[in-house]
Amino acid sequence: MLGLNKKDALLFMIVALLVGIAPFLLNPFPEGSSLGQMFNAGYPDLMQRFVIFGILVIGFNILFGLTGYLSFGHAAFLGIGSYSAVWMFKLLGYNIVPAILLSVLVSGVFSLLIGFIALRRTGIYFSILTLAMAQMCFNLAYSVLGNPNSNFNLTNGETGLQVYGNDPQYLMSEGSREIPHLFGLAMRDSYQWEISGWLFTFNTGYYLSGIIMLVAFYLSIRIFRSPFGLMLRAIKSNKQRMNYTGLNARPYALAAFVISGMYAGLAGGLLSSMDPLAGAERMHWTASGEIVIMAILGGVGTLVGPILGSGFIEYFKNILSKINDSLLHQWLSWLPDGLEDGIVWVLHFFVGKGWQLTLGVLFMLVVIFLPGGLVEGGQRVGRLFRRKKGGADGASAKQPAE
Amino acid sequence: MDAIILQILNGLDKGSAYALIALGLTLIFGTLGVVNFAHGALFMLGAFCAVTVQRILSLSYSVLDETKKDFLGNPLKVDTHYIEAWFGPEIGASIIDWSVPLAILFSIPVMIAVGFIMERGLIKHFYKRPHADQILVTFGLAIVLQEIIKAYFGANPIPTPAPALFTGSFDFGVLIGFAENAITYPIWRLVYFIFALLVIAAVFAFLQFTTFGMVVRAGMADRETVGLLGINIDKRFTIMFAIAACVAGVAGVMYTPINSPNYHMGMDFLVLSFVVVVVGGMGSLPGAVLAGFMLGILEAFASMNEIKQFIPGIDQIIIYLVAIIILLTRPRGLMGRKGVMEE
Amino acid sequence: MAILEVKGVNKRFGGLQALGNVNLSVQENTVHAIIGPNGAGKSTLLNCLVGKLIPDTGSVMFDGQSVLGRQPFEINQMGISRVFQTPEIFADLTVLENVMIPCFAKRDGAFRMHAIEMVASEKGIREQAEQMLEDVNMLSKLNEHAGSLSRGDKRRLEMAMCLVQEPRLLLLDEPTAGMARADTNNTIDLLKEIHDKRNITMAIIEHDMHVVFSLAQRITVLAQGTPLVEDTPENIKGHPKVREAYLGEAN
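Residues numbered from 1 in each chain as written. Chains lettered and ligands numbered in written order. Predicted model: local features only at pLDDT ≥ 70, side-chain atom pairs only at ≥ 80, totals over all residues.

Engineer: I'm lost on the overall build of chain A in this one. Help?
Structural biologist: Of regular secondary structure, chain A possesses 16 helices and six strands. Over its C-alpha trace chain A gives a radius of gyration of 22 Å, about what one expects of a compact globule, namely 21 Å for 402 residues. Each principal axis of the C-alpha atoms in chain A carries an extent, and together these give about 65 × 60 × 45 Å. Residues counted as buried form 52% of the 402 residues belonging to chain A. Looking at chain A alone, contacts between residues at least 24 apart form 73% of all its contacts between residues at least 6 apart. (Helix = DSSP H or I, 4+ residues; strand = E, 2+ residues; numbered from the N terminus. Rg over C-alpha atoms; globule rule 2.2 N^0.38 Å. Buried ≥ 20, exposed ≤ 12 C-beta atoms within 10 Å, placed from the backbone. Contact = placed C-beta atoms within 7 Å.)

Below, the structure written as structure tokens:
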């Protein structure tokens, strides 16, 4: 189906199904209940982030997962995409089609430029170079090109780029909407379905991003299974042999870099389309680090890993930052007082504002013990079950690419 | 002329910090073959050693002073530092005043311990894993260290002043025959520069004149051969890592009066130190030091108003631009050797 | 007709003269062995032929074209394949994929962006690769990870990867280094078969005289970076200079 083999087609269908019914899956508890306040995640902005970051990490995985080139500056392309989209809103109007096209295009050009320089070296050098160049882009966006008093204010500095009333918006016709939309279909619009205490939100922006993510995912499957993808895996495996087999590794790596940069730009354009504001913090190296973490956590070089990783992190970021000390005391009240206070004191550092610490620890544990990420974890659990059932073999949906 | 000297001086302190961090990075990279993304965090830990010492020294107890009354007529609470109570107010106050230099004594054992635990507990297990894994695990460690510091000390910068003796500026221009006040320079920055030179000299002397240093240098040149000679490199690697951690730590301690420490200072410096290492040439110690000072001074020049008028914002990106140009023209950096970290 | 012509090649590493005025010509459809004691410059010479090193002076012509200054992948595209001393294969990929990659390189050149087509639908390439694997008796290991193969199988796989490109010249760097006698004999048979069946010109760098005299039709003896003699195996065996420089100590 769709030119995919059976296993990949099944995987694609499962992901498509999950994207479709996510508004139900993410709101399993009644609205307003304490469990619901804690664990429900079916809000439009959060769901949009799930799929948009999915696109970003799918693209990153094409570079890192296939070629093994670890880019530490991928957030730069996300930021460049965001700025380009907002500029389209400012110049042409709120229709998101030109915005997204331009963000993909501009980030493609930038990744060609940066990739051309960074790919002159490999390995550690490459990681450091991408990190440095992304940080340079951040500095450019944050201060150099963002001085509100200068004539050449591309990024609006600390405040962030946004649409103002006196912007030209040449393509704005009478009566067209004042928020980002796709031919009148506003990204912010939602349909809410209330059913005996449960509330499900179906958001336009989410579904549009979801469909785009599915397309991106489909393309990434095709790339993984293509001769081009095979060459990229050959780069990761043995550059020397590749060279002596008559293949020029650099244009292959550069193509992968540009593709993944365009994925990042697409994600950036979508982020701006959901909320027409672009800030430099999206390009900071911490943001690049988060992309790396998402990819590693999900499972590098696997098809579904990026989606799992970005979803997992966005979800737990949301939950962990909601937990506070009084909630912890409430949960642990059955423990003896001294012990309870002790445990809460320790946990305090890991929840609320401390969620980044949890993320860091989790990331380290995955790198040390589970280099294949969640996908490998799933496979291990799967094998454990199969062995118990007496070796009956069944293909897991989370089977990796190789 | 005076403006040029002033900018060179201005670049020295940042350049010193770059050079010290890059030196440690290169030591670890050259001996262990690991790129330590947590090296900035070690710099930051050093800085927070200074904060800790300052806090410990200023621990105080309060008593009610019956002789003084507040406006309601109640006895006033007076805080007294323990140090002042033990050593007398004058000596006590000066000990607190000297907390940053004292913190060096505290930070050396702490950083050696941190370095030892890091290498033995974590990095050792990554020698045989791919470079990407090494980068990732040290990056994770950097996040963890940084977040622990944030959770404990908060997100705001903590002022840690230099001893009163070294605050203020002195007139450098008069010394070399310029008009008065033409070149004034903060004293502590000069202290920092001299301190950095001493540390760098000590590291080089250690590598040059001790047998231990010779083995390490041989190991940097050719790891496999040294291993074949039956020399236990592993132990030396651990010690080398601890030394590198120590260099980063004391660099952090002494930097606190120049910039109040915050939890993300390590990573800010790390990114630039990486650039320094690449410009200097991966695996070259003199290259790291040279590039550190060079880029520090270059940055200072770029932040002159005369130049900023001409090219606005150039000071923010000059280091990266230079790095890109050098990399395009001399792919191995200024003093890099062939075959270091290349396929 | 000489397919490879090396003329007056010099290469220095600092103070060491690794190659001094090397002249060598490899005739088409022969097996040409280059022998010599350790440090004679055999590997340096090989590296100059494949573009890993550039000689200080001299010329290297392959089929009338100079290879100097070209990258290894360009030289491979001209028709020179190389087998390494320790097998260089794509350890993370399957055996079949390992052989398909050179097929793609042969068909599509050094770079082609075919990102949407599927590997699975490249029937021709797959048949070609399978045929090659059958020729080297590895068809049963089609889907195994190359990294998990035995050393002998890795060697055979590497050979298959080079042969499937149908090179005009195959360079072999000590193909039997570190092998047991039985394995060595298998490799000799394999190389003989390849040469007889496919008429591929081979240049072999070898230590093992047994291998050299079983395969080679011409032999060049290299000592201290300079060719001593070039002749047929029979003449080499009895040559006094060679005995003195090499065989005397080897036997």
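Engineer: Which parts of the structure should I look at to understand the overall build of chain B?
Structural biologist: Assigned secondary structure in chain B consists of 15 helices and four strands. Relative to the globule expectation of 20 Å for 343 residues, the C-alpha radius of gyration of chain B, 23 Å, shows essentially globular dimensions. Dimensions of chain B, computed from the C-alpha atoms along their principal axes, are close to 80 × 50 × 35 Å. When burial is assessed residue by residue, chain B has 45% of its 343 residues classed as buried. The long-range fraction of contacts in chain B, counting pairs at least 24 apart against all pairs at least 6 apart in sequence, stands at 74%.

Engineer: Just checking my understanding: could you explain the interface of chain B and chain A for this structure?
Structural biologist: Accessible area lost upon the coming together of the parts is a frequently used measure of interface size. With 31 residues of chain B in contact, the opposing surface of chain A contributes 39 residues. Only α6 (131-153), α12 (265-280) and α15 (314-329) of chain B provide two or more residues apiece to the side of chain B that touches chain A. When residues in the side of chain B that touches chain A are grouped by element, the largest group, 14 residues, is from α6 of chain B. Of the residues contributing to the side of chain B that touches chain A, the split by class is 24 nonpolar, four polar and three charged. (Nonpolar A, V, L, I, M, F, W, Y, C, P; charged D, E, K, R; others polar.)

Engineer: I'm lost on the confidence of the model for chain A in this one. Help?
Structural biologist: Residues and elements named next belong to chain A. Per-residue confidence for chain A averages 88 on the pLDDT scale, and 96% of its residues sit at or above 70. Taken element by element, the predicted model of chain A shows its lowest mean pLDDT in helix α13 (residues 325-331) (80) and its highest in helix α10 (residues 249-274) (96). Scored below 50 in pLDDT, residues 391-402 shows 25 contacts in the model against residues more than four places distant or in partner chains. (pLDDT = per-residue confidence, 0-100.)

Engineer: For this particular structure, what's the right way to read the sheet that holds strand β7 (residues 169-173) of chain C?
Structural biologist: Two pairing modes exist for strands in a sheet, parallel and antiparallel, and in both the strands are linked by backbone hydrogen bonds. Residue and element names in this part refer to chain C. With respect to topology, six strands assemble into an open sheet ordered β6-β7-β8-β3-β9-β10, the strand pairing being mixed. A single partner strand is all that each edge strand has here, and the edge strands are β6 (80-83) and β10 (226-231). In this sheet, adjacent strand axes meet at a mean angle of 20 degrees when their direction is disregarded. Pairing between strand β9 (residues 218-223) and β10: five bridges, direction antiparallel. Within the sheet, the bridge partner assigned to Ala223 lies in β10 and is Thr226. (Pairing = 2+ DSSP bridges. Axes fitted to C-alpha atoms, helices over the stretch in contact; angles between N-to-C directions.)

Engineer: I tried to follow helix α5 (residues 151-163) of chain C on my own but got confused; where do I start?
Structural biologist: Each α-helix winds once per 3.6 residues, and so residues spaced three or four apart point in a common direction. Residues and elements named next belong to chain C. An ideal rise of 1.5 Å per residue puts 18 Å on 13 residues; α5 measures up with 18 Å between its terminal C-alpha atoms. The buried count for α5 comes to ten of 13 residues, which makes it a mostly enclosed element. Inspection of α5 places Lys154, Arg155, Arg156, Leu157, Glu158, Met159, Ala160, Met161, Cys162 and Leu163 among the buried residues, and these make up the whole buried set. Buried-residue contacts for α5 involve β6, α3 (95-108), α4 (123-135), β7 and α6 (181-198). (Expected span 1.5 Å × (residues − 1).)

Engineer: In this structure, what is going on with the interface of chain A and chain C? I would like to understand it.
Structural biologist: Taken together, the contact pairs 25 residues of chain A with 29 residues of chain C. Elements represented by at least two residues in the side of chain A that touches chain C include exactly α7 (204-225), α8 (227-237), α9 (239-243) and α10 of chain A. Tallying contributions element by element places α8 of chain A first for the side of chain A that touches chain C, with seven residues. Of the residues belonging to the side of chain A that touches chain C, the class tally is ten nonpolar, ten polar and five charged.

Engineer: I'm lost on unusual backbone geometry in this one. Help?
Structural biologist: Most peptide bonds adopt trans geometry, and most residues besides glycine take a negative phi value. A positive phi angle is found at Gln169 of chain A, which is not glycine, with a value near 45 degrees. Structurally, the position occupied by Gln169 of chain A is in the loop between β1 (161-162) and β2 (181-182). Judged by local crowding, Gln169 of chain A falls into the partly exposed class, with 18 C-beta atoms found within 10 Å. For Gln224 of chain C, which is not a glycine, the phi torsion comes out positive at approximately 50 degrees.

Engineer: How should I be thinking about the nonpolar core in this particular structure?
Structural biologist: Soluble, globular proteins show a tendency: their nonpolar side chains are buried together. Leu56, Ala132 and Ala267 of chain A, Leu23 and Val275 of chain B together with Val99 and Ala160 of chain C are the most contacted members of the largest nonpolar core, which has 299 residues in total. Formed jointly, this core draws a minimum of three residues from each of two domains, domain 1 (1-79 + 167-251) and domain 2 (91-165) of chain C. In contact with Val275 of chain B, other than residues within four places in its own chain, are Ala132 of chain A together with Ile319, Tyr320 and Ala323 of chain B. (Core = buried A, V, L, I, M, F, W, Y, C linked by C-beta atoms within 7 Å. Domains from an automatic or database assignment.)

Engineer: Can you help me understand the packing of helix α2 (residues 39-57) of chain B against helix α5 (residues 99-121) of chain B in this one?
Structural biologist: How two helices sit against one another is set out by the angle between their axes and by the gap between those axes. Residues and elements named next belong to chain B. Interaxial distance between α2 and α5 falls to 8 Å at its minimum, and their mutual angle equals 130 degrees. Put simply, α2 runs oblique to α5. As for how α2 packs across α5, the hand of that crossing is right-handed. Residue-level contacts link Leu42, Leu45, Gly46, Cys49, Ala50, Val53, Gln54 and Leu57 of α2 to Ser99, Val100, Leu102, Ala103, Phe106, Ser107, Val110, Met111 and Val114 of α5. By residue class, the composition of the contact of α2 with α5 is 13 nonpolar, four polar and no charged. (Parallel < 35°, antiparallel > 145°, perpendicular 65-115°, else oblique. Left-handed = near helix turned anticlockwise from the far one by under 90°.)

Engineer: How should the sheet that holds strand β5 (residues 65-66) of chain C be read in this particular structure?
Structural biologist: Residue and element names in this part refer to chain C. Read across the open sheet, the four strands follow the order β2-β1-β4-β5; overall the sheet is antiparallel. Sheet topology places β2 (16-27) and β5 at the edges, where each strand pairs with a single neighbour. Across eight bridges, the pairing between strand β1 (residues 2-13) and β2 is antiparallel. Paired with Lys11 across the two strands is Leu19, which belongs to β2. Packed onto the sheet, helix α1 (residues 42-50) meets β1, β2 and β4 (57-62) and runs at close to 65 degrees relative to β2.

Engineer: Help me understand the packing of α2 of chain B against α12 of chain B, please; the structure alone is not making it clear to me.
Structural biologist: Residues and elements named next belong to chain B. One way to put it is that α2 packs onto α12 with a least axis distance of 7 Å and a crossing angle of 135 degrees. Classed by the angle they form, the pair α2 and α12 counts as oblique. α12 is crossed by α2, and the crossing has right-handed handedness. Taken together, the residues of α12 that come into contact with α2 (itself represented by His39, Gly40, Ala41, Phe43, Met44 and Ala47) are Met265, Gly266, Met267, Phe269, Leu270 and Ser273. Along the lines of polarity and charge, the residues of the contact of α2 with α12 split into eight nonpolar, four polar and no charged.

Engineer: I keep staring at the arrangement of the chains and nothing clicks. Help me out?
Structural biologist: In this assembly, two pairs of chains are in contact, and the pair contributing the most contacts is chains A and B. Separated in space, chain B and chain C share no contact, their closest pair of C-alpha atoms being 12 Å apart.

Engineer: Hey, could you run me through helix α3 (residues 44-67) of chain A in this one?
Structural biologist: Residues and elements named next belong to chain A. The end-to-end C-alpha separation of α3 is 34 Å, in line with the 34 Å expected for 24 residues at 1.5 Å each. The sharpest bend along α3 reaches about 35 degrees and sits at Asn61. Of all 24 residues in α3, 21 are buried, a share of seventy percent or more. At the C-terminal side of α3, Gly68 shows a positive phi close to 80 degrees. (Bend = angle between axes of the 7 residues up to and from the residue.)

Engineer: I keep staring at the pairing of strand β3 (residues 31-35) of chain C and nothing clicks. Help me out?
Structural biologist: Successive side chains on a regular strand alternate, one facing one side of the sheet and the next facing the other. Residues and elements named next belong to chain C. With five of its five residues buried, β3 lies for the most part within the structure. Burial along β3 is two-sided: the face carrying Val31, Ala33 and Ile35 and the face carrying His32 and Ile34 are both buried. Where β3 and strand β8 (residues 201-205) come together, four bridges link them in parallel fashion. Following the sheet pairing, Ile34 is matched in β8 by Ile205. Here β3 pairs with β9 via four bridges, running parallel. Note on β9: the bridge partner recorded for Ile34 is Thr220.

Engineer: Just checking my understanding: could you explain the environment of Trp198 of chain A for this structure?
Structural biologist: Residue and element names in this part refer to chain A. Looking at where Trp198 falls in the secondary structure, it is placed in strand β5 (residues 198-203). Here the alpha-carbon distance between Trp198 and Met274, two residues 76 residues apart in the chain, equals 25 Å. Among residues more than four places away in sequence, those in contact with Trp198 are Asn27, Pro30 and Glu31.

Engineer: Where do I start with the pairing of β6 of chain C in this structure?
Structural biologist: All names here are of chain C. Going residue by residue along β6, you find Ile80 and Arg82 tucked away on one face and Ser81 and Val83 tucked away on the opposite face as well. As paired elements, β6 and β7 share four bridges and run parallel to each other. By the bridge assignment for β7, Val83 is matched with Leu172.

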